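Close look at the chain arrangement
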Amino acid sequence: TLYEDVQCTILSKLPLKEVVRTSVLSNEWRYLWVHCPKLSFNSAELSGRNRCMTKFIDNVNSVLHRCHGEVVDELKVKFGFHSTLAQHVNSWVSFAAFSRTKVFAFDLEPIDSCVRDDRYIFPFQLLNNESISCLQSIQHSFVSLKPPFQFGGFPNLRKLDLSMVHVTGKDLEDTLSSCCNIECLSLDRSHLGVELKVDTPLF
C-alpha cells in the first residue's frame, strides 16, 4: 500500500475527472480524492446547454461538499454564467474562503454572447481576513469587481490576471496599493478609463 502523502501527490498530478475515478480502485482509495489540493471544473467538457449546465453545477456542488473541511490550494471554475446562477457561484466563493485557497480562478463567460454586461459581481463580503491573506493568485474573466470602502487588499497576492473585467481605475489602484508582493499583473480588455497609478511600490 502507498503512503497517503504519496497517494495525494499522485492525485495532484491528475485531472479532476481521473482523480474521482481512482475511488473505484479499492476501499483505501474510495474517498482519498477528497484530499486533492487542486480542483478544476470546466463546463466546456460537457455537451448541450441547459440540462448539462444543471448537471455541471450539481457536480461542482457535490465535489465541494465532499471536500468540505479540507485545505484546497487551487480552485478553478470555467463555465457559461447567467445572473440567475449567482447563488451557486457565491457558495463556491464561500468554499474557497473556508478552504484557505491560494489560487482562485473564475472564467465566467456569459451564456448569451449578445449580453456582455451580465457579469458576476464578486462578493468581497464572503472573504475573511484569513482567506484574504491566503490568496496568492487571482484569475478572473467576465467578473465585476467593486471592493468595499477602504478594502485592505491582498497582502500575499503575487499574481493578478483580469480579463474582460469591470473595475474602475480607482478601485484597482486602491487594491494594488495594498498588494506589495505582486509579481505579475495582467489586464486584458479591461477598460479602466484612466491611467493606472499605484502609490506603493510593487515587488
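This write-up is about the structure you can find in this document. Predicted, not measured: the structure shown is a model, and the values here were computed from it. (Residues numbered from 1 in each chain as written. Predicted model: local features only at pLDDT ≥ 70, side-chain atom pairs only at ≥ 80, totals over all residues. Heavy atoms only, no water.)

Once that is clear, we can look at the packing of aromatic side chains. This model, assessed by the stated rule, comprises nine aromatic pairs. Taking 6.2 Å as the distance between ring centres and 75° as the angle between the ring planes, the aromatic pair formed by Phe106 and Tyr120 counts as edge-to-face. Of this pair, Phe106 sits in strand 3 (residues 103-107) while Tyr120 sits in strand 4 (residues 120-121), and the two are 14 residues apart along the sequence. Each member of the pair, Phe106 together with Tyr120, is buried. A centroid spacing of 5.1 Å and a plane angle of 75° characterise the contact between Phe122 and Phe124, whose relative ring orientation is edge-to-face. Each member of the pair, Phe122 as well as Phe124, carries the same accessibility label: buried. (Phe/Tyr/Trp six-rings, centres within 6.5 Å; stacked < 30°, edge-to-face > 60°. Helix = DSSP H or I, 4+ residues; strand = E, 2+ residues; numbered from the N terminus. Buried < 20%, exposed > 50% of the residue type's maximum accessible area, 1.4 Å probe, protein only.)

Turning next to the sheet that holds strand 3. Strand order across the open sheet formed by six strands is 1-2-3-5-7-8, with parallel pairing between neighbours. Bordering the open sheet on either side are strand 1 (38-42) and strand 8 (184-188), each of which pairs with just one other strand. When strand polarity is set aside, the average angle formed by the axes of neighbouring strands in this sheet is 0°. Alignment of strand 1 against strand 2 (residues 74-78), held across five bridges, turns out to be parallel. Each residue of the ladder has a partner; that of Ser40, found in strand 2, is Lys76. Contacts from helix 4 (residues 86-98) reach strand 1, strand 2 and strand 3, with the element oriented near 170° to strand 3. (Pairing = 2+ DSSP bridges. Axes fitted to C-alpha atoms, helices over the stretch in contact; angles between N-to-C directions. Contact = heavy atoms within 4.5 Å.)

Just distances and angles here, no functional claims.
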